[in-house]
Every structure is written in structure tokens, then in C-alpha cells.
Amino acid sequence: MQLRYNFRAYPTPGQAISLARAFGCARVVFNDGLRAREEAHAAGLPYIKDTDLQKQIITTAKRTEERAWLGEVSSVALVQSLRDLHTAYRNFFASVTGKRKGPKVQPPRFKSKRDSRQSIRLTSNGFTLRDNGRLYVAKVGDLAVRWSRQLPAAPTSVAVTKDAADRYWVSFVVDTDPEPLPETTAEVGVDLGLSHFAVLSDGRKVDSPRFLRRAEKKLKRMQKALSRKAKGSNNRAKARKKVARQHARVADRRRDWQHKLSTAIIRETQAVYVEDLAVKGLARTRLAKSVHDAGWSAFVAMLEYKAAKYGRCFGRIGRFEPTSQVCSACGVKDGPKPLSIREWMCSACGSVHDRDVNAARNILAAGRADRLNASWSAGETGPVPAQRGEAGTHRDPHVRVAGIPVHQGREDVKPREVQVGEPARAGSG
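Treat the numbers as computed from the prediction; the structure is a model and nothing was measured.

What is the right way to look at the overall build of the protein in this model?
Within the protein, the secondary structure is distributed over ten helices and 15 strands. Taking the contacts inside the protein whose residues are at least 6 apart along the sequence as the reference set, 67% of them involve residues at least 24 apart. Total accessible area on the protein is roughly 23,900 Å²; 51% of this is exposed by carbon and sulfur atoms.

Right, here's the structure in full:
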């Protein structure tokens, strides 16, 4: 599997100028290639091949007076920028023809020098790791890197990035083998929300830290100071950097907290199941700021890749599963309920449920069922989870039952508040 390792870099003033030149040249090559293909398409000409475009935009352009300065930077960064354009076009064509699943991919767009993020990418022939811990980048020099950990293997590529807060990062892509953890019997379903960031099927609740909301007062004051500065002035540039640095701190705190929580869940459980949330749809509602502040998508992505790295099972259940409407004790679908109702009693069996804990249990049961079906379809002969019918029985054979299997734990469990990293009970769920 491929993993990415990010480290902070500290270029000297001269190296910062060289990197700015490399960022600009890579951006120009990308825009020139995009413009050439758009003009060919508008003129009714055939699609320009990748090799022909590289000769036209890089090799031939360096010999002209208008683009002679392209030779001042590493050709590896220019070639990789053009390859990024090729990848963007392939993703767009695959999305249009239906070969690429998921949301529709838009055609590539022109890059701007005013973008908050500037970057270059280099393969192994464009950089070298020195014995003294510095990173040599072609035609830039030896960059000082703060190594927070060792790389597990030799990197295959590196991306040098400058963010809106004027911080430099080097990102290495490394091919590594999975590191399976000792197996455990615990499995967990995770219900993500706003009041509580995560509710686990064993009754644990993790409060939402709301990093953006906590920094909102300071951000508002800094944004007002920015709006008072004259456009184009040095004071406005300084105020913009202050706002960008504050936003970066918020993002760093959120990312660090999510990494710790996702690692704790993966280490404690053998299988993790989550619901496939419609984040884009929720982000268009009045809850948009809270949804973005929660960062559900990033957290689920962390769970997914860490499960693959440490030999755990990860599964998503459909977003249309009625997890909040089904009783996890008897499996009866009790109908939709407004968000104001946080506890409810099943009309069939009389069990009292916490809304979020009940949803997490149903997510766990549905994830187990999907995993069982996948194991059967793949011909797996090893131990598999219990079948749907073994999880519980229905008192009334004529009761309408939803498509979520019955959860094993029928007793009412009172939710409890926990801190991040608190160990789970063995065999919970």
C-alpha cells in the first residue's frame, strides 16, 4: 500500500525564491497545456497526445524567447505538472463515460498565481535525501526538514507545497507493507453527528470539539482588521497572513484530534462500520458551518486507510438505511422521528433507546450483515459473523421488519461520556 508522510520544511530566503520560481513555471506549463487542448477542441482538431503536448509545451517552448525562463527550474517538476493535467483529463473522460464511479468530475481549470496553495511534484530523479537529514531538490538546494518520524522505506516521489499561511511542507509517497495488529473480538458501529461527534454502539459518546466555533470570536476580530486595510497595501498582506495562520491552526488541531481518535478506535476493535453520509448535501443547509467544522469525511478516510494498514475490517452502510427508525432490540421499524426526540420507546417490545446509540447499533448490525454477504460471495470458508436470523427473534410474525438485522445486545444500555482514547470493553457491541 502507498502512504503519504508530511513534514515541515524551512527554506532559506534564496531557496524560497527558487521555489517560487518553480511554482510559477509549473503553473505556466499546466495552463499552457490546458489552453492548447482547449484551442484544439474548439478548432475541431483531434485530441493532442501526451507526448506531443510535452514536446510542444516544454521542449519546444524552452527554445523560444517568451518561455526561455522555463530552463531555470528542474524539468522534472514541469513534466510532472503536465502529467497532472493528463490525469485530470483522464478522470474527466472516465467520469463522463461512466467508467469512474461517484460524483461527476469537472474538466481541469486554469491555475492562478493567487491560489492559496502552490506546489510542485518531483519523482525520484528530481530529489535526494542527504545523510545529514536535508532534502535536496533539483535547482533549489538542500532544504531543512523537521523530521518528526522516520520513513519506513525509500520514497518514490515528493511534493513541495506552500500553503496560505506561508508554511512549506514536503510530502513523501512511500510504498510499504501493512502492519497487522493482534486480532481482537470487539466490533463497533459509529454514528457521526454534531452534538456528539461520534456515538459508538457500545454506548460510548465522544463530544464534538468544535474547533472552528471556539476560534470564531478571534477569527471575526482578525477578519474585521483585514477588511479595514487598503487593497494592495503591505498591511493588508500582513493581515491576510494572520487570518490564514489562524485558520491553519484550527485545521491542524482538528486533524490532530481526528488522528488520535481514529487510531484509538482502530487499535481497540477488529471491525469498524460507519454510515455513508451525504456531506455535500448537508453542507448546503443552514448547518453548513457545523458540518464543515466536524470534518466527517476526513475522519472516515482516516478510519479506512488505518484499517487497511493495521489489518482491520472497515465497512460503510448505505445512507438510506433507516438506522434511526428501527429498534435495535427487536428489529421493528417504528417510523421516522424528528431530531428533537433523543430517546424513544419501541412500540413492539417496549425497549427504551437513546437515539444515537440505537443508530450506532443498527450500523453495527448492518455492517456485519454486509460483511457476511461479501464473505459468502467471495467463497470465504473461515469464521464469519452470525446470520441475521441468529441475532434475535420477532415476537409477532406479522410485524413489519426493516432491512437492518437485529442487534445482539437487547438490553438497554445507558450512554456514558468518555474521553478520547478510553479503551473499549472487550467483546462490546
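So much for the structure itself; the text now carries on.
Please explain the layout of surface pockets as it appears in this structure.
Gaps left between atoms are located by rolling a probe of water-molecule size over the structure's atoms. Estimated volume of the second largest pocket: approximately 880 Å³. Together, 31 residues line the second largest pocket, and D191, L192, S324, L339 and R355 are the ones closest to its centre. If you list the elements that add at least two residues to the lining of the second largest pocket, you get β8 (187-192), β9 (196-200) and α10 (355-377). The biggest single contributor to the lining of the second largest pocket is α10, with three residues.

Sorry, what's going on with unusual backbone geometry here?
Negative phi values dominate among residues other than glycine, just as trans dominates among peptide bonds. In this structure, D166 takes a positive phi of about 60 degrees despite not being glycine. Checked against the element boundaries, D166 lands in the loop between β6 (157-162) and β7 (168-175). Unlike most non-glycine residues, R210 shows phi in positive territory, near 55 degrees.

How should I be thinking about the packing of aromatic side chains in this particular structure?
The geometry of an aromatic ring pair comes down to the distance between the two centres and the angle between the two planes. Overall, the coordinates contain eleven aromatic pairs when judged by the stated rule. On the basis of an interplanar angle of 70 degrees and a centroid distance of 6.4 Å, the ring pair of F211 and W257 is categorised as edge-to-face. Here the residue F211 occupies a position in helix α4 (residues 211-214), and W257 occupies one in helix α6 (residues 234-268), the gap between them amounting to 46 residues. Residue F211 shares its accessibility class with W257, and that shared class is buried. Aromatic rings pair up to connect F7, F127, W147 and F172 into one cluster. Above the plane of the ring of F30 lies K111, whose end atom (NZ or CZ) is 4.4 Å from the centre. Lying over the aromatic face of Y310, R267 brings its terminal NZ or CZ to 5.4 Å of the ring centre.

Help me understand empty space enclosed by the protein in this model?
Scanning the model with the defined rule gives two cavities of 30 Å³ or more in all. Taken together, S18, A22, V73, S74, A77, I120, L122, V137, A138, K139 and V140 make up the lining of the second largest cavity. Mapped onto the lining of the second largest cavity, the elements with two or more residues apiece are α1 (13-42) and β2 (118-123). Split by residue class, the lining of the second largest cavity holds eight nonpolar, two polar and one charged.

Can you walk me through the packing of helix α5 (residues 216-228) against α6 in this structure?
The description of two helices packed together rests on the angle between their axes and the distance between the axes. Close contact between α5 and α6 brings their axes to 9 Å; oriented N to C, the two are set at 160 degrees. With respect to α6, the axis of α5 lies roughly antiparallel. Handedness of the α5/α6 crossing: left-handed. Each of K218, L219, M222, Q223, L226 and S227 in α5 lies in contact with α6, whose residues at this interface are R236, A239, R240, K242, V243, Q246 and H247. Considered class by class, the residues forming the contact of α5 with α6 number five nonpolar, four polar and four charged.

Can you help me understand the nonpolar core in this one?
A general trend in soluble globular proteins is that nonpolar side chains are found buried together. With 43 residues, the main nonpolar core has L19, I120, L122, L135, V170 and F172 as its most contacted residues. Counting residues per element, this core draws most heavily on α1, which supplies ten residues.

Quick question: what am I supposed to make of the environment of A244 here?
Among the secondary structure elements, A244 is positioned in helix α6. Assessed through its relative accessible area of 14%, A244 is described here as buried. The sequence separation of A244 and D163 amounts to 81 residues, and the corresponding C-alpha distance is 8.8 Å. With residues near it in sequence (within four places) discarded, A244 still touches A164 and A165.

Explanation requested: the pairing of strand β10 (residues 204-207) in the structure shown.
Each regular strand carries side chains that alternate between the two faces of the sheet. Here β9 pairs with β10 via three bridges, running antiparallel. Note on β10: the bridge partner recorded for V199 is K205.

Honestly, the side chain of D191 in this entry has me stumped. Any pointers?
Structurally, the position occupied by D191 is in strand β8. Buried charge without a partner: D191 forms no salt bridge, and the closest opposite charge is R342, 6.5 Å away. Here D191 is in contact with F197, A198, V199, E275, D356, A359, A360 and I363, once residues within four sequence places are set aside.

Is there a simple way to explain helix α2 (residues 50-59) in this structure?
One turn of the α-helix equals 3.6 residues, which is why residues spaced by three or four share an orientation. Those residues of α2 lying buried are L53, I57 and I58. Each buried residue of α2 sits inside an arc of 95 degrees when the element is viewed along its axis, so together they form one side. For α2, the exposed residues set more than 90 degrees away from the buried face come down to T51 and K55. Among the structural elements, α1 and α3 (75-97) are those in contact with the buried residues of α2.

Here is what the cut-offs are and how they apply
- Numbering of residues starts from 1 in every chain and runs along the sequence as written.
- Local features are withheld for residues below a pLDDT of 70 in this predicted model, meaning they are given only at 70 or higher, and side-chain atom pairs are given and counted only at 80 or more; totals for whole chains, interfaces and linings count all residues.
- The basis for the side-chain values is all heavy atoms of the structure; hydrogens and waters are excluded.
- Comment: elements are numbered from the N terminus, with helices defined as DSSP H or I runs of at least four residues and strands as E runs of at least two.
- Note on contacts: a residue pair qualifies if any of its non-hydrogen atoms lie within 4.5 Å across the two residues.
- For the accessible areas, the method is Shrake-Rupley and the probe is 1.4 Å, while residue cover comes only from the protein chains on display.
- A cavity here means a set of points on a 1 Å grid, drawn over the protein atoms and nothing else, where a 1.4 Å probe fits but cannot get out; a pocket is an open set with protein on both sides within 12 Å along at least five of seven lines, and a residue lines either one if it has an atom within 4 Å of a point.
- Grid points are joined across faces, edges and corners, and a volume is the space filled by probe spheres set on the points.
- Only centres within 6.5 Å qualify two rings of Phe, Tyr or Trp (six-membered ring in Trp) as a pair; their planes then separate them into stacked at under 30 degrees, edge-to-face at over 60, and tilted for everything else.
- Exposure categories follow from relative accessible area, calculated using a 1.4 Å probe and restricted to protein chains: below 20% of the type maximum is buried, above 50% is exposed, and the middle band is partly exposed.
- In this scheme, the term charge over a ring applies when either NZ of a lysine or CZ of an arginine sits within 6 Å of the ring centre and within 35 degrees of the ring normal.
- Nonpolar residues are Ala, Val, Leu, Ile, Met, Phe, Trp, Tyr, Cys and Pro. Charged residues are Asp, Glu, Lys and Arg, and all others, Gly as well, are polar.
- Helix axes are fitted to C-alpha atoms over the stretch in contact, other axes to C-alpha atoms as well, and angles between N-to-C directions run from 0 to 180 degrees.
- The labels follow the angle: roughly parallel below 35 degrees, roughly antiparallel above 145, roughly perpendicular from 65 to 115, and oblique for the rest.
- Handedness of a crossing follows from how the near helix is turned relative to the far one, being left-handed for an anticlockwise turn of less than a right angle and right-handed for a clockwise one.
- For our purposes a nonpolar core is just a set of buried Ala, Val, Leu, Ile, Met, Phe, Trp, Tyr and Cys residues, chained together by side-chain atoms within 4.5 Å.
- Note on pairing: DSSP must find at least two bridges between two strands before they are called paired.
- Asp and Glu are treated as the negative residues and Lys and Arg as the positive ones, with His and the ends of the chain left uncounted.
- For salt bridges, the criterion is a side-chain nitrogen of Lys or Arg within 4 Å of an Asp or Glu carboxyl oxygen.
- Of all possible arcs, the one meant is that of the directions from the helix axis to the C-beta atoms.

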